[in-house]
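A look at the structure
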Amino acid sequence: VTEGEPGQGREPFEPPRFWDALGQTFQVASQEATKLSLAFSRPPLPSAEDCRKLSEDVQNAILAVATVYYWLPKGQGTTLRKMVRDATTDVVEGMIQLTDTILTAPVESLSQEQLISTGGVWEACEQVSNLPRGEYNQAAVASALTACLGVVKDAVEEMEHALEEGQDPYGDIMEDEELGFRGNRDTYWSEADRQLLSSCMGLMKASKACLKKVLGAVKAYGKADSPEQIAQLDDLADIANEISPSVDELALSMYPPVNPLAVRLNVNTQEAFLMNFLHFCRTSHVCPPSEEGWVQFLDGAVDHNMNKIKNFTQDQL
């Protein structure tokens, strides 16, 4: 599942049939995990014949899950395929863990590990209900962008909170009860630091705005009617997946003691991802002429904050 590549298949892909079959196979896998766990929850052990039947049923359930995943062709979009593959992998790995736990656990009683492993399979199988099923890859890309936006929102809010807390962002986690008040200036922001961080915050907020606006455009105008449209949506998701970790890296470099070189490097990376994101959005089908205004505005916001950051850091590099 993790290394194989589904093909186009000989038959036309039928989304309703695929989703129904995937839901059914995940449900069967969950039921087989329950049967397996109950059979080994207390003495006496199942007979050899019962063990053989249990094993066959579990194996068939997992093979059915993997088989249905392979129905999903590449042409439906890599973002959607990755989400379905990850959900499928979680079911397979969950069943492996449950089986290993049963093999190593004492038979006298139902172990905590076995309970946790059984619940893990149930949770993995329930993921199928959360997979995006709208316009196929369009819904999957919207889901991926939503996740990236959530990460960036959290980073912005955390940094805003730290800046509002006062001069010591580590005050709640580094207080020494024996020594009392600390005099380590490496845990404080200078006034020059705060001027630099203000522009960095502007860039982080621009990242959040970019993701929010592109997400809205994908929901409003995203289509998956042609291979080109599907590929454009996948590219947007791929670039967005680079933006959220780069925002986290920038936020980490903003904590004291502030190293201007580290901040500048992270800022340059962030700018490159944002400009690429905006450029790709502008040239894709999700950005009709009516949407070009906010793209230009955010392009200018990124430039504005970058120029301010360059001015603040130029003399310190």
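Sequence positions are assigned chain by chain, starting from 1 and proceeding in written order. The predicted origin of the model limits local features to residues at a pLDDT of at least 70 and limits the giving and counting of side-chain atom pairs to 80 or more, whereas totals for whole chains, interfaces and linings rest on all residues. Side-chain measures were taken over the full set of non-hydrogen atoms in the model, leaving aside hydrogen atoms and water.

**So, the overall build of the protein**
Put simply, the test is: For helices the rule is a DSSP run of H or I covering at least 4 residues; for strands it is a run of E covering at least 2, with both sets numbered from the N terminus onward. Contacts were defined at the residue level, with two residues in contact if any of their heavy atoms lie within 4.5 Å. The protein chains shown are the only cover counted for residues, whose accessible areas, like all others here, come from Shrake-Rupley with a 1.4 Å probe.
Looking only at helices and strands, the protein has nine helices and zero strands in total. Listing each helix as α and each strand as β along the protein from the N terminus yields α-α-α-α-α-α-α-α-α. Considering only contacts in the protein between residues 6 or more positions apart, those separated by 24 or more positions represent 79%. Surface exposure of the protein reaches about 16,800 Å², of which carbon and sulfur atoms provide 52%.

**Points about the side chain of Ser 37**
Note the threshold: Under this definition, polar contacts are N or O atom pairs within 3.5 Å; protein pairs additionally need one hydrogen-donor-capable and one acceptor-capable atom, and for neighbouring residues in sequence, both atoms have to be side-chain atoms.
Mapping Ser 37 onto the fold places it in helix H1 (residues 15–39). Only 2.8 Å separates the side chain of Ser 37 from the side chain of Thr 118, close enough to count as a polar contact. Residues in contact with Ser 37, not counting those within four places in the same chain, are Leu 98, Ile 102, Leu 110, Gln 114 and Thr 118.

**What to know about the packing of aromatic side chains**
Applied cut-off: Put simply, two rings from Phe, Tyr or Trp (the six-membered ring, in Trp's case) pair if the centres are within 6.5 Å, and we call them stacked under 30 degrees between planes, edge-to-face over 60, tilted for the rest. Partly exposed residues are those whose accessible area sits between 20% and 50% of the maximum for their type, while under 20% is buried and over 50% is exposed, using a 1.4 Å probe and protein chains only.
What the rule picks out here adds up to four aromatic pairs. With a centroid separation of 5.0 Å and 70° between ring planes, the pair formed by Phe 18 and Trp 19 is classed as edge-to-face. One exposure class covers both Phe 18 and Trp 19, and it is buried. Pairwise contacts between aromatic rings join Phe 13, Phe 18 and Trp 19 into one cluster.

**Some thoughts on the confidence of the model for the protein**
Here is the rule we go by: Each residue carries a pLDDT value, the predictor's own confidence for that position, ranging from 0 to 100.
Averaged over every residue, the pLDDT of the protein is 87; residues scoring 70 or more account for 88%. Per-residue pLDDT, averaged within each element of the protein, yields its smallest value for helix H9 (residues 292–314) (90) and its largest for helix H2 (residues 48–69) (95).

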